Amino acid sequence: MGGMTTFKSQLRNDLTAAIKERDELRSATLRMTLAAITTEEVAGKAARELSDDEVRKVITREAKKRREAAEAFDKGGRPAQAERERAEGEVLAGYLPAQLSDEELNGLVAEAVAQARADGAEGPRAMGAVMKIVNPKVAGRAEGGRVAAAVKKALA
């Protein structure tokens, strides 16, 4: 990534390439994602460009939607649709930082618990303190719900 290429312009370039290559899955996924980014940009009082971090948040949210949709289609006995949602999720995952394994996540949580304890926060009440310490370290590499669950387990 040299120069001033923003994350969003990378997505746009990748979309153009996907269309040229007639990669329907990729182009459809990127088109939806860019639409979600645009929606976010015009959501406030004044239209603005999203920062790379905010774009990453949109992609994370879109990837989560795909995962949840895939689960719903699986439960509803619609494997083809579930497969499609999963494939779109994979495309999106390629733009996100690699996800932490459970071991890595639990390691970060354990450190955060120890740090919170050193700062005098203990037991279930320490949840907020631990989340505050661990969230910046996780930085998009694990979903909020997964982090919270790991912290709850560590504090139990």
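Small disclaimer: the values here were computed from a predicted structure and weren't measured. (Residues numbered from 1 in each chain as written. Predicted model: local features only at pLDDT ≥ 70, side-chain atom pairs only at ≥ 80, totals over all residues. Heavy atoms only, no water.)

Draft legend 1. Summary view of the packing of aromatic side chains. This model, assessed by the stated rule, comprises one aromatic pair. With a centroid separation of 6.4 Å and an interplanar angle of 50°, the aromatic rings of Phe7 and Tyr95 are classed as tilted. One end of the pair, Phe7, is in helix α1 (residues 7–20); the other, Tyr95, is in the loop between α4 (79–93) and α5 (102–118), with 88 residues separating them in the sequence. Taken individually, Phe7 and Tyr95 each receive the classification buried, so the pair is uniform in this respect. (Phe/Tyr/Trp six-rings, centres within 6.5 Å; stacked < 30°, edge-to-face > 60°. Helix = DSSP H or I, 4+ residues; strand = E, 2+ residues; numbered from the N terminus. Buried < 20%, exposed > 50% of the residue type's maximum accessible area, 1.4 Å probe, protein only.)

Draft legend 2. Structural detail: the layout of surface pockets. Empty space within the largest pocket amounts to approximately 780 Å³. Taken together, 30 residues make up the lining of the largest pocket; nearest its centre are Thr60, Leu96, Gln99, Gly140 and Ala142. Contributions of two or more residues to the lining of the largest pocket are made by α3 (52–75), α4, α6 (127–138) and α7 (144–155). For the lining of the largest pocket, the leading source of residues is α3, giving eleven residues. Taken together, the residues that form the lining of the largest pocket break down as ten nonpolar, seven polar and 13 charged. (1 Å grid on protein atoms, 1.4 Å probe; cavity = no way out; pocket = protein on both sides within 12 Å on 5 of 7 lines; lining within 4 Å. Points joined across faces, edges and corners; volume = space filled by probe spheres on them. Nonpolar A, V, L, I, M, F, W, Y, C, P; charged D, E, K, R; others polar.)

Draft legend 3. Structural detail: the pattern of salt bridges. What the rule picks out here adds up to 14 salt bridges. Here Lys8 ties to Glu49 by a salt bridge, and the two come within 3.4 Å at their closest N and O atoms. Residue Lys8 is found in helix α1, and its partner Glu49 is found in the loop between α2 (24–41) and α3; the two are separated by 41 residues along the sequence. Relative accessible area serves as the criterion here: at 6%, Lys8 is assigned to the buried category. According to the relative accessible area criterion, Glu49 is exposed, its value standing at 57%. Three or more residues are tied together by salt bridges with common partners; here these are Glu24, Glu62, Lys65, Arg66, Arg84 and Glu88. (Salt bridge = Lys/Arg side-chain N within 4 Å of Asp/Glu carboxyl O.)

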